[in-house]
Amino acid sequence: MASMESLIGMMNRIQRACTALGDHGGGSDLPTLWESLPTIAVVGGQSSGKSSVLESIVGTDFLPRGSGIVTRRPLVLQLQQTEDGSQEYAEFLHMPKRRFSDFALVRQEIADETDRLTGKTKQISPVPIHLSIYSPKVVNLTMIDLPGLTKVAVEGQSESIVQDIENMVRSYVDKPNCIILAISPANQDIATSDAIKLSKEVDPTGERTFGVLTKLDLMDKGTNALDVLEGRAYRLQNPWVGIVNRSQADINRKVDMISAREKEREYFETSPDYAHLSSRMGSGYLAKLLSQHLESVIKAHIPSITATINKTIDELESELDIIGRAVAADPGAQLYTILDLCRAFDRVFKEHLDGGRSGGDRIYGVFDHKLPAAFKKLSFDRYLSVQNVKKVVSEADGYQPHLMAPEQGYRRLIEKGINYFRGPAEATVDAVHVVLKDLVRKSIGETEQLRRFPTLQAAIATAANEALERFREDGRSTALRLVDMEAAYVTVEFFRKLPQDPPADAPASKAGGKPSAEPAAAPPPDRYGDELLQKIPKAAVHCQVREAKRSLLNHFYVQMGKKEAGEFGHMLDEDPAMMERRQQCFKRLELYKSARDEVDSVAWGGSSR
């Protein structure tokens, strides 16, 4: 089993990597590792003694002090115990090459780094500051100091600051693996404690909360805090710890922390109220208690953290496969990428036509429904009426009457009749064209690899639609040629089916009581209609659908071969949002792989306890 030092050290390194790579929980749709890590969040109202508790645990003055909200960004405080006699120093994550041995400069840098992000406006920011302190006086421990809860905004702050601070604190303490260090002053009623009120809401059973009672020495004479410290006033599943911090007079006199800790120990040991609790009171005891508890929580969470890391790595790599890797700078590689993306589009387009994706069936609908419906609407009953047939035949003979069968007239009759089919033939070709254009649009949108390249999307769409226009012209001319072919060869069977004059005893018409001069309805030329119902779809399939499957982007490929090398890069201009997403995914993937290495190093290389 890994040692406490290696477990907490591992968490420290992962937390630092989180901040360095932009993961500080929430505010993004990217997976967050930060929120999976066990943490100790230090929560308290303003003037609760929160900063003094942290300085007592560290044994050094290092936090900014002042009125109002001093802590305006989360401070991730990582303590690393070093060998006895070694010099203590501090390092900031944002200044990795500088060691601070003067902790007055540490205090100033915390204030300056806060202002760099928030300005001097007294506003807050969720982006944490990472501070590591190496000292023989500390135990291995990591805590997050959060802005103090407040009830009113001060001058220079927005009215929302009260709620903003609470929301920030909640974003930490809501996590089920967050240990809450709830700090309350003993000289105020525990029922009014901001820290206890919040912890009760997020941790009603008290499993995750450690209560810290400060300012015990400032209580009114004759009173004590035993009801709280012994768990009667507000019960927690973890022990309450009392703290006696330095007074303001001690701070002004620059009383050092070693002397303050000794004074604190003497207070509890000699107090008539708290002497029986002295072994589990004070900042030294609190630091050890938290360190041991943090170790146990980390140990318990390692399996779930490992599972989360591995699952998220797979998800991020899958997303990057969809987004695609960064475009190469080499023109040859860029051309290869363009052609590969075209092939990906072409595969999706063919899947639509072949039934692998929806949409291609609409072409069959044109042939099976729209074309027959258009044929049925043709007005052959009027065109092939006896009256019209006589008129066409007579006009064909001119001034000379025909001697035998009026062949010239009948040929003209069929030629003009066949022209009726030209409209449905052209409409069929146009309808297939509309379907193919829509499938091109859908295919571009459904080709995942193309989404990051809007310029190339537009170029492919233009080239594909130009090709479809050429195919439409071929389809139209072929369909019309087939219609004309039907007029070129006329058989006698066609004329035998034409309606004849009605018999003399035909019923009279309703209007004039005389026999009707025309039949009630004349059948269309079925032979020619049936032929064209078969041939027009063949023309559209051969000239449009087949060619779209076979050579939709052939002309585009030829154009690519004629381009200058420098033009390929422009075609692979990416959507800025997609570029940003890839960069975010790469950074987050780097974080998770780093975390996996850290966990593996502890699992395989940790020393036994």
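Residues numbered from 1 in each chain as written. Predicted model: local features only at pLDDT ≥ 70, side-chain atom pairs only at ≥ 80, totals over all residues. Heavy atoms only, no water.

For the chain, an unreviewed UniProt entry supplies the name Dynamin-related protein 1E and the organism Zea mays. What UniProt states about the chain under its Subcellular location (unreviewed entry) heading is, verbatim, "Cytoplasm". Check the Sequence similarities (unreviewed entry) section of the UniProt entry for the chain; it says "Belongs to the TRAFAC class dynamin-like GTPase superfamily. Dynamin/Fzo/YdjA family." (UniProt positions renumbered as here; feature names shortened; annotations may be inferred.)

(A) Representation of the overall build of the chain. The number of helices and strands found in the chain is 21 helices and 9 strands. By residue count, 47% of the 609 residues in the chain fall in the buried class. Summarising the internal contacts of the chain: among those between residues at least 6 apart in sequence, 80% fall at separations of at least 24. With an accessible surface of roughly 30400 Å², the chain has 52% of that area assigned to carbon and sulfur atoms. (Helix = DSSP H or I, 4+ residues; strand = E, 2+ residues; numbered from the N terminus. Buried < 20%, exposed > 50% of the residue type's maximum accessible area, 1.4 Å probe, protein only. Contact = heavy atoms within 4.5 Å. Areas by Shrake-Rupley, 256 points an atom, 1.4 Å probe, with all protein chains shown as cover.)

(B) The environment of methionine 11, seen in detail. If you trace the backbone, methionine 11 turns up in helix α1 (residues 4-20). Judged by its relative accessible area of 3%, methionine 11 is buried. In sequence terms methionine 11 and glutamate 598 are 587 residues apart; their C-alpha atoms lie 8.5 Å from each other. With residues near it in sequence (within four places) discarded, methionine 11 still touches Leu37, Pro38, Ile298 and Ile305.

(C) Seen up close, the packing of helix α10 (residues 331-354) against helix α19 (residues 554-562). The contact between α10 and α19 brings their axes to 12 Å, and the two run at 175 degrees. Between α10 and α19, the angle falls in the class roughly antiparallel. Seen from α10, the contacting residues are Leu335, Ile338, Leu339, Cys342 and Arg343; seen from α19, they are Phe556, Tyr557 and Met560. (Axes fitted to C-alpha atoms, helices over the stretch in contact; angles between N-to-C directions. Parallel < 35°, antiparallel > 145°, perpendicular 65-115°, else oblique.)

(D) The arrangement of the pairing of strand β2 (residues 75-81) in detail. Within β2, 6 of the 7 residues are buried, which leaves the element mostly enclosed by the surrounding structure. Across 7 bridges, the pairing between β2 and strand β5 (residues 129-135) is parallel. Bridging across to β5, leucine 77 finds its partner in leucine 131. Pairing of β2 with strand β6 (residues 141-145), which is carried by 5 bridges, proceeds in the antiparallel orientation. Along β6, the bridge assignment pairs valine 76 with isoleucine 144. (Pairing = 2+ DSSP bridges.)

(E) Focus on the pattern of salt bridges. Applying the stated criterion to the full structure yields 38 salt bridges. Arginine 265 is paired through a salt bridge with glutamate 262; the nearest N and O atoms lie 2.2 Å apart. In this pair, arginine 265 and glutamate 262 are both assigned in helix α8 (residues 257-270), 3 residues apart and thus about one turn of the helix distant. Of the residues examined, glutamate 262 reaches a relative accessible area of 33% and is grouped as partly exposed. Two residues, arginine 357 and glutamate 351, come together in a salt bridge whose shortest N-O distance is 2.6 Å. According to the relative accessible area criterion, arginine 357 is partly exposed, its value standing at 30%. Each member of the salt-bridge network shares a partner with another, and the members are Glu426, Asp430, Glu469, Arg472, Glu473 and Arg476. (Salt bridge = Lys/Arg side-chain N within 4 Å of Asp/Glu carboxyl O.)

(F) Quick peek at the nonpolar core. The biggest cluster of nonpolar side chains holds 103 residues, and the ones touching the most others in it are Val43, Phe62, Leu131, Met143, Leu181 and Leu216. Element by element, the count of residues in this core is highest for helix α9 (residues 283-323), at 14 residues. Viewed by domain, this core spans two of them, domain 1 (38-301) and domain 3 (576-608), each represented by three or more residues. Those residues within four positions of leucine 216 in sequence are excluded, and the remaining contacts are Ala186, Ala225, Leu229, Gly242, Ile243, Val244, Tyr267, Phe268 and Tyr274. Counting 35 residues, the second largest nonpolar core, distinct from the first, contains Leu341, Val545, Leu552 and Phe556. (Core = buried A, V, L, I, M, F, W, Y, C linked by side-chain atoms within 4.5 Å. Domains from an automatic or database assignment.)

(G) Examining the sheet that holds β6 more closely. The strand order β4-β3-β5-β2-β6-β1-β7-β8-β9 describes an open sheet built from 9 strands, whose pairing is mixed. Across the chains shown, the open sheet's two edge strands, defined by having one partner strand only, are β4 (95-100) and β9 (241-242).

(H) Quick look at the environment of glycine 445. For glycine 445, the location among the structural elements is in helix α15 (residues 422-446). When the C-alpha atoms of glycine 445 and phenylalanine 345 are compared, they prove to be 9.1 Å apart, with 100 residues separating the residues in sequence.

(I) Spotlight on the packing of aromatic side chains. All told, the structure shown has 6 aromatic pairs when counted by the stated rule. Measuring from centroid to centroid gives 6.4 Å for tyrosine 267 and tyrosine 274, while their planes differ by 35 degrees, and the two rings are tilted. A relative accessible area of 2% means that tyrosine 274 is categorised as buried. Aromatic pair phenylalanine 268 and tyrosine 274: ring centres 6.2 Å apart, planes at 65 degrees, arrangement edge-to-face. Assigned by exposure class, phenylalanine 268 and tyrosine 274 land together as buried. Aromatic rings pair up to connect Tyr267, Phe268 and Tyr274 into one cluster. (Phe/Tyr/Trp six-rings, centres within 6.5 Å; stacked < 30°, edge-to-face > 60°.)

(J) Structural context of the side chain of histidine 130. Inspection of the secondary structure assignment puts histidine 130 in strand β5. Judged by relative accessible area, histidine 130 falls into the buried class, the value being 2%. Of the polar contacts made by the side chain of histidine 130, one reaches the backbone oxygen of glutamine 15; its length is 3.4 Å. For histidine 130, the residues in contact, after removing those within four places along its chain, are Gln15, Arg16, Thr19, Trp34, Val76, Gln78, Glu91, Phe92 and Leu93. (Polar contact = N/O pair within 3.5 Å; in protein donor to acceptor, adjacent residues only side chain to side chain.)

(K) Spotlight on empty space enclosed by the protein. The final tally for this structure, using the stated rule, is 2 cavities of 30 Å³ or more. Taken together, 14 residues make up the lining of the largest cavity; nearest its centre are Pro64, Val70, Thr71, Arg72 and Ile110. Looking at the lining of the largest cavity, the element that brings in the most residues is helix α3 (residues 103-118), giving 3 residues. Of the voids in this model, the second largest cavity is the one considered here, and its volume is about 30 Å³. As for the second largest cavity, its lining consists of Ala463, Glu466, Ala467, Arg470, Leu552, His555, Phe556 and Gln559. Among the elements of the structure, α16 (454-488) and α19 are those that each provide at least two residues to the lining of the second largest cavity. No other element matches the 4 residues that α16 contributes to the lining of the second largest cavity. For the lining of the second largest cavity, the residue count by class is 4 nonpolar, 2 polar and 2 charged. (1 Å grid on protein atoms, 1.4 Å probe; cavity = no way out; pocket = protein on both sides within 12 Å on 5 of 7 lines; lining within 4 Å. Points joined across faces, edges and corners; volume = space filled by probe spheres on them. Nonpolar A, V, L, I, M, F, W, Y, C, P; charged D, E, K, R; others polar.)

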